[in-house]
Structure formats: C-alpha cells, structure tokens
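Descriptive analysis of the structure
Chain residues, written in single-letter form:
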Amino acid sequence: FQTAADESKQIDLMVNNAGTLNEYDWEPVVQLNLVACVRGSKLAMKHMSKKNGGRGGRIINTCSDLGLIDFHQLPLYCATKHGVRSFTSSMALHPDKELTGVQFACICPSVTRTDLMRSYNETISMAEDLEAIAIPTSRVAEGFLKLLRMSRMNGAILYIDKLKCEFCKLEYVGLGPVWTPQQ
Ligand SMILES: NC(=O)C1=CN([C@@H]2O[C@H](COP(=O)(O)OP(=O)(O)OC[C@H]3O[C@@H](n4cnc5c(N)ncnc54)[C@H](O)[C@@H]3O)[C@@H](O)[C@H]2O)C=CC1
Ligand SMILES: CCCCC/C=C\C=C\C(=O)C/C=C\C/C=C\CCCC(=O)O
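Here's what I pulled together on the structure shown here. Residues take numbers from 1 onward in each chain, read along the sequence in its written order. Just so you know, chain letters begin at A and ligand numbers begin at 1, following the order they were written in. Local features are withheld for residues below a pLDDT of 70 in this predicted model, meaning they are given only at 70 or higher, and side-chain atom pairs are given and counted only at 80 or more; totals for whole chains, interfaces and linings count all residues. Note: side-chain values were computed over all heavy atoms of the structure, leaving out hydrogens and water.

This brings us to the site of ligand 1. Around ligand 1 sit 16 residues in total, of which Asn 17, Tyr 77, Lys 81, Thr 112 and Thr 114 are the nearest. Counting of polar contacts relies on pairs of N or O atoms within 3.5 Å, with two restrictions inside protein: one atom must be capable of donating a hydrogen and the other of accepting it, and residues adjacent in sequence are counted only when both atoms are side-chain atoms. One nitrogen or oxygen atom from the main chain of Thr 112 is found 2.7 Å from an oxygen atom belonging to ligand 1. A distance of 3.4 Å separates an oxygen atom of ligand 1 from a polar atom in the backbone of Asp 115. To be clear on the numbers: accessible area is Shrake-Rupley with a 1.4 Å probe, and residue cover counts the displayed protein chains and nothing else. Within the complex, the protein chains bury 60% of what would otherwise be the 830 Å² of accessible surface of ligand 1. For the shell around ligand 1, the secondary structure elements donating two or more residues are helix H3 (75-92) and helix H5 (115-123). Classification used: nonpolar for Ala, Val, Leu, Ile, Met, Phe, Trp, Tyr, Cys and Pro, charged for Asp, Glu, Lys and Arg, polar for all others including Gly. In the shell around ligand 1, the residues fall into 7 nonpolar, 7 polar and 2 charged. Nearness is defined per residue: one heavy atom within 4 Å of the molecule or strand is enough. Every helix listed is a DSSP run of H or I at least four residues long, and every strand listed is a run of E at least two residues long, numbered separately from the N terminus.

Our focus in this paragraph is helix H2 (residues 27-48). Along an α-helix, residues three or four positions apart point the same way, because every turn accommodates 3.6 residues. Along its 22 residues, H2 runs 30 Å from first to last C-alpha, staying within 8% of the 32 Å computed at 1.5 Å per residue. Bend at a given residue is defined as the angle between two axes, one fitted to the seven residues that end at that position and one fitted to the seven that begin there. At Val 35, H2 is bent by approximately 35°, the largest bend along its length. Of the residues making up H2, those classed as buried are Val 29, Asn 33, Cys 37, Gly 40, Ser 41, Ala 44, Met 45 and Met 48. Whether two residues are in contact is decided by their heavy atoms: any pair within 4.5 Å suffices. Against strand E1 (13-16), strand E2 (57-62), H3, helix H4 (97-100) and strand E3 (102-109) lie the buried residues of H2. One less than the number of residues in a helix, times 1.5 Å, gives the span that helix is expected to have. Residue burial is assigned from relative accessible area. The probe radius is 1.4 Å, only protein chains are included, and a residue is buried under 20% of its type maximum, exposed over 50%, and partly exposed in between.

Written as structure tokens, this is what we have:
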C-alpha cells in the first residue's frame, strides 16, 4: 500500500479482494480474509480521508454470498465473510462519513470459476456440479462496475449470481434477520 501511496498522489479506490478457503489450516484464512481486509481498509481510509488532507475515496471489499447466509460445510469461511460484510456495513454507518468522504461497499458473488473454486472442487466429489452452477469472473466484473458507476455507493451490499445482480439489506422479519433485495 505504501508503495502505491508513494507513487500516486492520490488513491481513489481500494479493493480488498485477496481471499482463500481452507477449513483445516484455518488461522491463515482468518488473517487473509478478515484481518487483511480490515488492515487494508484502515490504511486506505487514513490516506483518503478529507480530515487528513485526502480527497475521499471508495473502499470495496470482496465478500461472498456466504457472508449473507450460513453454510455447514464451510463454517470458518462463512465466519470470515460475515465479518467482512459486517465490518464494511458498520464502517459505512460511521457518523464521520461526510467529513472523511470515504465510502464503503462490498460485493457478494456466488460460486465463481476461479482457482479458489477449482482447488475446493478437488477436495469434494461434486466437481461437475460446481462447474455448472458457478458464474464466470466477467459476471463479477459487471457487478463491480455497477458499483463504480454509482456516485454514492456507501453501504451497498451487492449480491451477484447467474440471474441477479442486486443490492441487499438486512431486515428483521418476525423473530430473525432476513436478507432482502433492495432496489
Ligand atoms: N471463487 C468463488 O467462488 C468466490 C470467491 N469469492 C472471494 O473472491 C476473492 C477472490 O477469490 P478468487 O479469485 O476466487 O480466488 P483465487 O484463489 O483465484 O485468487 C485469490 C487471489 O488472492 C491472492 N492472495 C492469496 N493469498 C494472498 C496473500 N497472503 N496476500 C496477498 N494476496 C494473496 C492470490 O495471489 C490471488 O490473486 C476472495 O476474497 C474470495 O473469498 C467470493 C465469492 C465466490
Ligand atoms: C457448494 C459451495 C462449495 C464452495 C465452492 C467453492 C468456493 C466458494 C466460494 C465462495 O465464496 C462461496 C460462494 C458461494 C457458495 C454457494 C452456495 C452455498 C450453498 C449454501 C446452501 O445451499 O445453503
């Protein structure tokens, strides 16, 4: 980050995208998926903040649809992605947001055809099914561009699958929270 900050006068966009999946050797997963995302966000925020002489900016964190739902096969991965989603939404609520000019949002793609999916595929017996349900990376890029085209994206949680690319919000319905699409 410091190299990028030294080479460019201003950083307008920070994307915390790196992530991994391993339910067995799990501590490095927490470090990368959650700790690095928080560190990256804080570094970028400090640099971008109008309160520190910056011009404001955008921080987009890569979450997952497993940051919106629970899934018994991947509890640790789910926990890190729920953390990413909650951290991002909570930062977006910060009362200082107009003063800092920094906006926070996250994208929540469903299974996507990448090395991460392929490496997971090798450990389970549903290889063909996963390939069939997974979306291409271009679909995630479309969602990402949708966020970038919005002048105000603060607090957005964008769910992306084969058919949908829509914003979500958490609502209390009856006794528990339910994710609902938000126009
Ligand atoms: N592939 C999928 O089905 C989905 C992936 N995601 C998320 O998308 C993001 C990207 O994942 P994929 O492209 O699928 O995985 P990938 O394994 O294909 O790519 C991960 C990237 O993270 C980088 N990386 C790994 N460890 C790193 C470290 N310690 N420091 C810096 N960079 C590191 C790698 O060099 C690679 O470029 C992750 O946050 C993942 O959780 C979200 C939803 C679905
Ligand atoms: C069946 C999911 C296997 C995991 C595939 C590999 C990588 C996934 C990375 C993610 O970020 C997960 C994204 C989506 C998971 C999709 C579906 C989970 C199904 C949950 C359920 O049916 O309850």
